[in-house]
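Report on the structure
These are the residues of each chain, in order.
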Amino acid sequence: MTDRPSTAPAPTAGPVPPDPLVALRGGLVVSCQAYPGEAMRDPRTMTQVALAAVRGGAVGIRVQGVADVEHVTHAFAELGITAPVTGLWKDGTDGVFITPTLRHAAAVAHAGATIVAIDGTRRPRPDGLSLAQTVARLREQSSALVMADCGSLDDALAARDAGVDVVGTTLSGYTGERPRTDGPDLELLAQLVDRLDVPVIAEGRVHSPAQARAALDAGAWAVVVGTAITHPTSITGWFVDALTA
Ligand SMILES: CC(=O)N[C@H](C=O)[C@@H](O)[C@H](O)[C@H](O)COP(=O)(O)O
């Protein structure tokens, strides 16, 4: 094998993607997820929903499952869309189920996610690794950023100590440590913003533009909205409930 002559031009670099966290700052991330058994649970459908959200101004997308991450990231690459894709893999419905192990996290990263969202609570993980070990080992095999989905201030402080890049209020109200408020847990958000030196993303039960604005005003780095934008069954139910109350 011959070495390339030193005078040869360097390989052409593709477009340089923006720093993912800078790209998300102050913006809306749309979570595009359908649940097992639902008609929209298809990577092609979720990709179409993601493209529609980007057209509406979303600065980032969050998707569930390796296939969805692959489909969305391929479509974005083909279309020249640089909005960062946060990927997760839900395995189960109880306990630690959001990207619960290193294996899940690595698969999501290798599928193309720019940011890998993982369970960021203090609960034991199914593979026996600590959060810090999970983050460290993921970094050995991927350049993806790590988002810790947290359920409390203590979770977020521990996640910060474990070396994550960004924390989210995603699991507030779902782990028993915080009440499940009707809207976003702005109280927890404010605590995290006050105590942490990493970006804090507001996620969970943001159901209106006013609530999204309030989260940003409380110091959120970015706001994730899922159900209220991308889950027609839930949205329909809200309207039906109002009509039948
Ligand atoms: C707790 C849990 O499993 N949260 C999941 C995390 O990815 C999703 O089911 C949520 O839809 C997402 O967090 C966005 O929240 P909301 O749909 O409330 O806007």
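Heads up: the structure comes first, above all this text.
Presented here is a report on the structure given in the accompanying data block. Residue numbers run consecutively from 1 along every chain, following the written order of its sequence. Residue-level local features of this predicted model are given only where pLDDT is at least 70; pairs of side-chain atoms are given and counted only at 80 or more, and the full residue set underlies all totals for whole chains, interfaces and linings. Side-chain descriptors were evaluated using all non-hydrogen atoms of the structure, hydrogens and water having been removed beforehand.

**As for the site of the ligand**
The cutoff for a nearby residue is simple: one of its non-hydrogen atoms must lie within 4 Å of the molecule or strand. The immediate surroundings of the ligand are formed by 16 residues, with Tyr35, Lys90, Glu203, Arg205 and Thr227 found nearest. Within 3.5 Å is the distance limit for a polar contact, defined as a pair of N or O atoms, with the added protein rule that one can donate a hydrogen and the other accept it, and that residues adjacent in sequence qualify only through two side-chain atoms. A distance of 2.7 Å separates an oxygen atom of the ligand from a polar atom in the backbone of Arg205. Accessible areas in this description were obtained via Shrake-Rupley with a 1.4 Å probe; residue shielding takes into account the shown protein chains only. Protein contact buries 91% of the 440 Å² of open area that the ligand shows by itself. Side-chain classes follow a simple rule in which Ala, Val, Leu, Ile, Met, Phe, Trp, Tyr, Cys and Pro form the nonpolar group, Asp, Glu, Lys and Arg form the charged group, and the remainder, Gly included, forms the polar group. When its residues are assigned to classes, the shell around the ligand shows seven nonpolar, five polar and four charged.

**A closer look at the packing of helix H4 (residues 102-110) against helix H5 (residues 131-141)**
Viewed as axis vectors pointing N to C, H4 and H5 meet at an angle of 35 degrees, and their least axial separation amounts to 10 Å. Crossing hand, H4 versus H5: right-handed. In contact with Leu102, Ala105, Ala106, Ala109 and His110 of H4, H5 contributes Thr134, Arg137, Leu138 and Gln141. Split into classes, the residues belonging to the contact of H4 with H5 amount to five nonpolar, three polar and one charged. Interaxial angles span 0 to 180 degrees and are taken between N-to-C directions of axes, which are lines fitted to C-alpha atoms, for helices over the stretch in contact. Under the DSSP-based scheme used, a helix requires at least four consecutive residues in state H or I and a strand at least two consecutive residues in state E, with every element numbered from the N terminus. What makes a crossing left-handed is the near helix being turned counterclockwise from the far one by less than a right angle; a clockwise turn instead makes it right-handed. The contact definition used throughout considers only heavy atoms, calling two residues in contact when any of these lie within 4.5 Å.

**A few points about the sheet that holds strand E2 (residues 60-64)**
Ordered by their spatial adjacency, eight strands build a closed barrel running E1-E2-E3-E4-E5-E6-E7-E8, and the pairing between neighbours is parallel. When the angles between neighbouring strand axes are averaged without regard to direction, this sheet yields 25 degrees. Note: strand E7 (residues 200-203) against strand E8 (residues 222-225), three bridges, orientation parallel. Its bridge partner lying in E8, Ala202 is registered against Val223. By this definition, two strands are paired if DSSP reports at least two bridges between them.

**Concerning the environment of Pro232**
Within the fold, Pro232 resides in helix H10 (residues 232-244). As for Pro232 and Met40, which are separated by 192 residues in sequence, their C-alpha atoms are 9.5 Å apart.

**A word on the nonpolar core**
To form a nonpolar core, buried Ala, Val, Leu, Ile, Met, Phe, Trp, Tyr and Cys residues must be joined to one another through side-chain atoms within 4.5 Å. Whether a residue is buried, partly exposed or exposed follows from its accessible area with a 1.4 Å probe, protein chains only, as a fraction of its type maximum: under 20%, in between, or over 50%, in that order. Ranked by internal contacts, the top residues of the largest apolar core, which has 52 residues, are Cys32, Ile61, Val116, Leu138, Val167, Leu192 and Leu196. Looking at this core element by element, the count peaks at five residues for H4. In this structure, Cys32 is in contact with Met46, Val49, Ala50, Ile61, Arg62, Val63, Gln64 and Thr230, ignoring residues within four places of it in sequence. Counting 16 residues, the second largest nonpolar core, distinct from the first, contains Leu88, Ile115, Val166 and Trp221.

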